[in-house]
Amino acid sequence: AFQYSPKIKSIAIPDSVKKIGEKAFSDISNMENFTLGKNVEYIGSRAFNGCENIMQRDDDGFYYVGDWVVYSDKWNITTMNIKPGTRGIAGDAFSHSNSLTSVTIPGSVKFVGESAFYKCKSLEKVVLSEGVTHIYDSAFEDCSALEEVVLPDSLTYIGEQAFYYVKNIDSVTVPASVKYIGDAPFYAADIKVDKGNKNYKSIDGNLYTADGKTLIEHAPLKTQTEFVVPDSVEKIVKFAIMSNS
């Protein structure tokens, strides 16, 4: 929206704004002041690339715009603890951080951005503390070493392919709080849904909408050779049946 706008020196985002798109303010090299509205729920990939003047760098090498972490220059760290008080993680903030093995996200973080940890090939453990509500598309996609993920009961939104191509997850349990799940969210042998969830259910370890009319995902790592779609199903979403067997 404002990329390569050299005359802009100051921007204030009002509290009414909820989404900032990909590259929205990138490469505004002369920008000196930026105020982020307090109700932003999504910051896209590279939204502030080249805007070092408005970023604050903490002792861990994480760069912040307001209370969102947008970038890191520490590519050799193995364990990451996002500092308390952080409200969101921007898209692509830590993607391709190949030395990273463990991530703990505090409850102050509500939003984990699109592709935020995409292709972190050594990542084995992710702890999402109580308070996290949104995991956007491809947030942990292709983190192929991932063995353990803790999903909090505060979670309401799981984006498309959020945990896709994670080869070592045997079972996933969707919390009762989840209201939206995108296409092909997981890569597991068994998908379970907490009994209190009013929007989704599991049938034989596969994921459906609560009314049984939409197949969200056949668990890709199931070792079955035959899968019969139930008669109740009226719609099969994109990537719903991608089986290794």
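The shown structure was predicted, so the numbers you read here are calculated from the model rather than taken from an experiment. (Residues numbered from 1 in each chain as written. Predicted model: local features only at pLDDT ≥ 70, side-chain atom pairs only at ≥ 80, totals over all residues. Heavy atoms only, no water.)

A. Representation of the overall build of the protein chain in the model. Scanning the protein chain from N- to C-terminus turns up zero helices and 22 strands. Its C-alpha radius of gyration of 19 Å places the protein chain within 12% of the 18 Å reference for a compact globule of 245 residues. In terms of overall dimensions, the protein chain has a C-alpha envelope of 60 × 35 × 30 Å along the principal axes. Looking at the protein chain as a whole, 49% of its 245 residues are labelled buried. Partitioning the intrachain contacts of the protein chain with sequence separation of at least 6 by distance along the chain shows that 26% fall at a separation of at least 24. When the accessible surface of the protein chain is summed, it comes to about 11400 Å², and 45% of that surface belongs to carbon and sulfur atoms. (Helix = DSSP H or I, 4+ residues; strand = E, 2+ residues; numbered from the N terminus. Rg over C-alpha atoms; globule rule 2.2 N^0.38 Å. Buried < 20%, exposed > 50% of the residue type's maximum accessible area, 1.4 Å probe, protein only. Contact = heavy atoms within 4.5 Å. Areas by Shrake-Rupley, 256 points an atom, 1.4 Å probe, with all protein chains shown as cover.)

B. How the structure looks around the sheet that holds strand S13 (residues 134-135). Spatial strand order, S5-S6-S7-S9-S11-S13-S15-S17: eight strands in an open sheet with mixed pairing. Since the sheet does not close on itself, it has two edges, and those belong to strand S5 (56-57) and strand S17 (180-181), each with one partner. Sheet topology note: the strand S6 (residues 62-65)/strand S7 (residues 68-72) ladder contains four bridges and is antiparallel. If you follow Phe62 over to S7, its bridge partner there is Ser72. (Pairing = 2+ DSSP bridges.)

C. Quick peek at the nonpolar core. Core analysis: the largest hydrophobic core is formed by 49 residues, its most contacted members being Ile89, Ile105, Val112, Phe117 and Phe140. For this core, the secondary-structure elements that each account for two or more residues are S6, strand S10 (102-105), strand S12 (125-128), strand S16 (169-174), strand S18 (188-193), strand S20 (206-209) and strand S21 (214-217). Ignoring any residue separated from it by four or fewer positions in sequence, one finds Phe140 in contact with Ile105, Val112, Phe117, Leu123, Val126, Ile135, Ala162, Phe163, Tyr164 and Val166. Grouped together as the second largest cluster of nonpolar side chains are 24 residues, Phe34, Tyr42, Ile43 and Val70 included. (Core = buried A, V, L, I, M, F, W, Y, C linked by side-chain atoms within 4.5 Å.)

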